[in-house]
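Structure at a glance
The primary structure of each chain is shown beneath.
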Amino acid sequence: VATVLEELYAGRTEKVAVNLPQHYDMARLDAKAARAYLLAGRGAMAMYANREALNLAQRGLDCLNRSDEAHQHSALLLDLHLLRAEALLRDGHFVECMVAFRHAADLAIAFGVPEALAQAALGYDEPRWRCNLEDAYANTLLERALEHIGPDDSVQRVYLLAHLARGSQGSMPAQELISMLDEAVGMARRLGDPRALVESLRLRVSVDRTIRSRARP
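This text gives an overview of the structure that appears in the document. (Residues numbered from 1 in each chain as written. Predicted model: local features only at pLDDT ≥ 70, side-chain atom pairs only at ≥ 80, totals over all residues. Heavy atoms only, no water.)

**Brief notes about the state of the cysteines**
Going by this rule: Two cysteine sulfurs form what is called a disulfide whenever their separation falls within 2.5 Å. Note on exposure labels: buried denotes an accessible area under 20% of the residue type's maximum, exposed denotes more than 50%, and partly exposed covers the range between, all computed with a 1.4 Å probe on protein chains only.
Counting across every chain of the model gives 0 disulfides. Here Cys131 is not cross-linked by a disulfide; its sulfur's nearest cysteine counterpart is in Cys97, at 8.8 Å. For Cys131, a relative accessible area of 34% corresponds to the partly exposed category.

Pasting the structure below:
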């Protein structure tokens, strides 16, 4: 049934993304089922159906795990773990999502996927600043992600720099923070990404204000 649906909706399988996973799952075509669950989960996330996305990601992982072929589908495995972690974050399960993002980061390092490592590091750091948590490993992960992603301009590098600067307030000299944020702001401008620019500028202004207030007699 899934094969027929894919043929009928060739090039627009997103229209039947909800139906495909179950048919592949029932046929024990585990890799195809896992990939279909991933696509359906991303669709659910786009509709803010976070718990549905979490369920679909887990079902995709279950398919790969029962097949004993997860090692042959490293990119798919990593994408499913990232989807699951993101769904946990958006649904407010902060402790669980940090565990999930850390596991995804370990996989990204093992598989050599710097973009996925950056995504995992940013996701891991999100609950820390939102909930004002003490977690030294977040900075370690951000630094590792920056090292792997390299010095070239990218939106992910902008966010990594901004997150690391935010997490380093109080432990890094003020001028180093300013330098890091100036790099992020300049990169966001070169890339022409408004969201990244706003994020880096907002933090740059906040850090500058904090420095000025501390310098007052």
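**With respect to unusual backbone geometry**
Peptide bonds are mostly trans, and most non-glycine residues show a negative phi. Quick note on the threshold: By the criteria applied, helices consist of DSSP H or I runs no shorter than four residues and strands consist of E runs no shorter than two, each listed in order from the N terminus.
Of note in the backbone geometry, Tyr48 takes a positive phi value of approximately 65° without being a glycine. Relative to the helices and strands, Tyr48 is located in the loop between helix H3 (30-46) and helix H4 (50-67). The class of Tyr48 is exposed, set by a relative accessible area of 68%. Here Asn132, not a glycine, exhibits a phi torsion of approximately 55°, which is positive. The residue Asn132 is located in the loop between helix H7 (114-130) and helix H8 (136-149) in this model. Note on Asn132: relative accessible area 66%, which makes it exposed.

**What about the pattern of salt bridges?**
Defined as follows: We define a salt bridge as a contact between a side-chain nitrogen of Lys or Arg and a carboxyl oxygen of Asp or Glu at a distance within 4 Å.
In total, this model carries 12 salt bridges according to the counting rule given. Between Arg130 and Glu126 there is a salt bridge, with its nearest N and O atoms 2.9 Å apart. Remark: Glu126 and Arg130 occur in helix H7; sequence separation between them is 4 residues, near one turn of the helix. For Glu126, a relative accessible area of 16% puts it in the buried group. The residue Asp153 makes a salt bridge to Arg190 at a minimum N-O spacing of 2.7 Å. With Asp153 in the loop between H8 and helix H9 (155-167) and Arg190 in helix H10 (residues 174-191), this residue pair connects regions lying 37 residues apart in the sequence.

**Section: the nonpolar core**
Inclusion rule: In this description, a nonpolar core means a group of buried Ala, Val, Leu, Ile, Met, Phe, Trp, Tyr and Cys residues linked to one another through side-chain atoms lying within 4.5 Å. By the convention used here, residues are in contact when the closest approach between their heavy atoms is within 4.5 Å.
Ranked by size, the top nonpolar core spans 65 residues in total, and within it Leu78, Leu80, Leu82, Phe101, Tyr124, Leu141 and Leu160 carry the most contacts. Counting residues per element, this core draws most heavily on helix H5 (residues 74-90), at 10 residues. Among residues more than four places away in sequence, those in contact with Phe101 are Leu82, Ala85, Glu86, Leu89, Gln119, Ala120, Gly123 and Tyr124.

**Section: H5**
Spelled out, the test is: Every helix has an expected span of 1.5 Å times one less than the residues it contains.
Helix length check: H5, at 17 residues, gives a terminal C-alpha distance of 24 Å against a target of 24 Å (1.5 Å per residue), a fit within 8%. With respect to burial, H5 is a largely interior element, 12 of its 17 residues being buried. For H5, the elements touching its buried residues are H3, H4, helix H6 (94-111) and H7. Gly92 sits one or two residues past H5 and shows a positive phi near 90°.

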